[in-house]
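Topology and contacts: notes
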Amino acid sequence: MGILSLITGKAGASGFGSASTAEQVTDGVDASRLTVVITGGASGIGLETSRVFALRGAHVIIAARNTEAASEARKTVMEKNPTARIDVLKLDLSSLKSVRAFVDQFNSMKLPLNILINNAGVMFCPFQLSKDGVEMQFATNHLGHFLLTNLLLDNMKATAKSTGIEGRIVNLSSVAHHHTYPKGIDFDKINDKKIYHDKLAYGQSKLANLLHAKELSRRLQEEGANITVNSVHPGLIMTNLMRHSFVLMKVLQVATYILWKNVPQGAATTCYVGLNPQLSGVTGKYFADCNEEKISKLARSDELAKQLWDFSEELIKSAQ
């Protein structure tokens, strides 16, 4: 879209731009027949995504690590929208055991699943390993979502087939995917504390989100499944995601204030790709400011996408 469009909010080919809000890009959409799972749907742009999906009539499942905070968020949404259908289930994406427990609990509800929004994440955190022994940003942002998506796919395929309604998966990536380690994904040194760089590790995890969507999209197209998979960059928004670099981000925000979005604008691209009928049949793409955007050379690599898929499966097996 370019810096000028970002600053001015000028609409792109979709009719929307950086100034568009989540409500605007879903105006007139009836989601009353849809069930959506939103990870990290209790705060920041995740909460706004949950609110707007519920506003459009969808049955929203908020998957959150802190269920107490998520229940409070649900209560806040329902105070303004008493007919909203929102449930809260526990999910800690840094724990593969928690991912499996979440899926078991969701499946026990006997619900269909039309849309999966892989929104949750951590950013710029100090080096630490997850419960499964994987670097925390890679574990939370990519691996947990990779397993979650795979475990929910059968339900999504069955739902799309029985209802005739296209399923949609949305991965929240970032422009940060351009700023990663030289090889893109440092497979051999994922857990190497010596070379760990919090910003590059974040970029690596966001590149992984893009490559995951790319490879999954290819596989589903090959199968003929009626499910699209796309990635989005929400934009610069000051949310709790920035807690590990709050001072740095506040300084950056002051210096580049004209580029930052508010939360309703930050959730717009996710809601556009998740709900807008313009995106019917569109898959394997990357969106920013509600318009298709270019990706890095590494993100375009079919070979790297396949390598990441195999690597992710092996990591999950070794953690069992």
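Residues numbered from 1 in each chain as written. Predicted model: local features only at pLDDT ≥ 70, side-chain atom pairs only at ≥ 80, totals over all residues. Heavy atoms only, no water.

1. Let's talk about unusual backbone geometry
The backbone phi angle of Lys-110 is positive, close to 55°, even though this residue is not glycine. Relative to the elements of secondary structure, Lys-110 occurs in the loop between helix 5 (96-108) and strand 4 (115-118). Overall, Lys-110 belongs to the exposed group, its relative accessible area being 72%. Its identity is not glycine, yet Phe-124 carries a phi of approximately 55°, on the positive side. Turning to its location among the elements, Phe-124 is positioned in the loop between strand 4 and helix 6 (136-163). (Helix = DSSP H or I, 4+ residues; strand = E, 2+ residues; numbered from the N terminus. Buried < 20%, exposed > 50% of the residue type's maximum accessible area, 1.4 Å probe, protein only.)

2. Digging into the environment of Asn-150
Position of Asn-150 relative to the elements: it lies in helix 6. Along the backbone, Asn-150 and Leu-216 are 66 residues apart, and their C-alpha atoms lie at a distance of 9.3 Å.

3. Considerations on the nonpolar core
Val-37, Phe-102, Phe-106, Phe-138, Leu-148, Ile-169 and Ile-185 are the most contacted members of the largest nonpolar core, which has 47 residues in total. Elements supplying a minimum of two residues to this core: strand 2 (59-64), helix 5, helix 6, helix 7 (198-223), strand 6 (227-233) and helix 11 (302-319). Filtering out sequence-adjacent residues up to four positions away, Leu-148 remains in contact with Thr-39, Leu-91, Leu-93, Val-99, Phe-102, Val-103, Leu-116 and Asn-118. Grouped together as the second largest cluster of nonpolar side chains are 38 residues, Val-36, Ala-42, Ala-84 and Ile-165 included. (Core = buried A, V, L, I, M, F, W, Y, C linked by side-chain atoms within 4.5 Å. Contact = heavy atoms within 4.5 Å.)

4. A short note on the pairing of strand 2
With six of six residues buried, strand 2 lies mostly within the body of the structure. Judged from the five bridges that link them, strand 1 (residues 35-39) and strand 2 form a sheet pairing that is parallel. Looking across to strand 2, one finds that Thr-39 is bridged to Ala-63. Here strand 2 runs beside strand 3 (residues 85-90); their pairing, made up of six bridges, is parallel. The partner of Val-60 across the bridge, within strand 3, is Ile-86. For the segment spanning strand 2, helix 4 (residues 67-80) and strand 3, crossover handedness is right-handed. (Pairing = 2+ DSSP bridges. Right-handed = clockwise from strand over helix to strand, strands pointing away.)

5. Side note on the pairing of strand 1
Among the five residues that make up strand 1, five are buried, leaving the element largely enclosed by the rest of the structure. Here strand 1 shows a buried face lined by Thr-35, Val-37 and Thr-39 and a second buried face lined by Val-36 and Ile-38. Traced from strand 1 through helix 3 (residues 44-55) to strand 2, the parallel crossover comes out right-handed. Bridge count between strand 1 and strand 4: three bridges; the pairing is parallel. Looking at the pairing, Ile-38 lines up with Ile-117 of strand 4.

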